[in-house]
Amino acid sequence: MKPRTEIINNKIVNSVEQLARFLKRGDLFRKPRSSAQYKFEELRPDENIVICENTVTHIVEKIYGNSPVFKLMVI
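Remember, it's a predicted structure, so these values are computed and weren't measured experimentally.

*Asks:* Mind laying out the pattern of salt bridges, listing which residues take part and the relevant values?
*Replies:* Within this structure, the stated rule accounts for three salt bridges. Taking the shortest distance from any N to any O, the salt bridge between arginine 44 and glutamate 42 comes out at 3.4 Å. Linking glutamate 47 and arginine 44 is a salt bridge whose minimum nitrogen-to-oxygen distance equals 3.8 Å. On the basis of relative accessible area, glutamate 47 is assigned to the partly exposed category, the value being 43%. The structure contains a network of salt bridges with shared partners spanning Glu42, Arg44 and Glu47.

*Asks:* Lay out the pairing of strand E4 (residues 37-44) in plain terms, naming residues and giving numbers.
*Replies:* Strand direction decides the pairing type here: strand E3 (residues 28-30) and E4, joined by three bridges, are antiparallel. Looking at E4, one finds that arginine 30 is bridged to glutamine 37. With six bridges joining them, E4 and strand E5 (residues 49-54) adopt antiparallel strand pairing. Of the residues in E5, the one forming a bridge with lysine 39 is glutamate 53.

*Asks:* How would you sum up the side chain of glutamate 53? Please name residues and give values.
*Replies:* Examined against the element boundaries, glutamate 53 turns out to sit in strand E5. Lacking a salt bridge, the buried glutamate 53 has lysine 39 as its closest oppositely charged neighbour, with an N-O distance of 4.1 Å. What glutamate 53 contacts, discounting residues up to four positions off in sequence, is Gln37, Tyr38, Lys39, Glu41, His58, Ile59 and Val60.

*Asks:* Just give me the short version of unusual backbone geometry, but keep the residues and values in it.
*Replies:* Even without being a glycine, asparagine 48 presents a positive backbone phi close to 60°. As for its position among the elements, asparagine 48 is in the loop between E4 and E5. Even without being a glycine, histidine 58 presents a positive backbone phi close to 60°. When you line up the elements, histidine 58 lands in the loop between E5 and strand E6 (60-64).

*Asks:* Summarise the nonpolar core; cite the residues concerned and give the values.
*Replies:* Proteins that are soluble and globular tend to have nonpolar side chains buried together. Counting residues in hydrophobic clusters, the biggest one holds ten residues: Val16, Ala20, Leu23, Phe29, Ala36, Tyr38, Phe40, Val50, Cys52 and Ile63. Mapped onto this core, the elements with two or more residues apiece are helix H1 (16-20), E4 and E5.

Scoring rules and cut-offs
Residues numbered from 1 in each chain as written. Predicted model: local features only at pLDDT ≥ 70, side-chain atom pairs only at ≥ 80, totals over all residues. Heavy atoms only, no water. Salt bridge = Lys/Arg side-chain N within 4 Å of Asp/Glu carboxyl O. Buried < 20%, exposed > 50% of the residue type's maximum accessible area, 1.4 Å probe, protein only. Pairing = 2+ DSSP bridges. Helix = DSSP H or I, 4+ residues; strand = E, 2+ residues; numbered from the N terminus. Lys, Arg positive; Asp, Glu negative; His and termini not counted. Contact = heavy atoms within 4.5 Å. Core = buried A, V, L, I, M, F, W, Y, C linked by side-chain atoms within 4.5 Å.

Listed below in structure tokens is the structure:
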């Protein structure tokens, strides 16, 4: 599966960092090929990482901003 482009509020999103700019703290999202859900915590653009919590393991994870786009969960 190739990374796909998401369109949010009429803006094109190609990376995790771009997607994180639309998220609010506590928003849920997931990887395109994963069933694990993540809770958005913080975007650190100076370090090019996104801080999130895996809701299955409750471990805080750092995801690089250049990673392929993540799909928002609609709940």
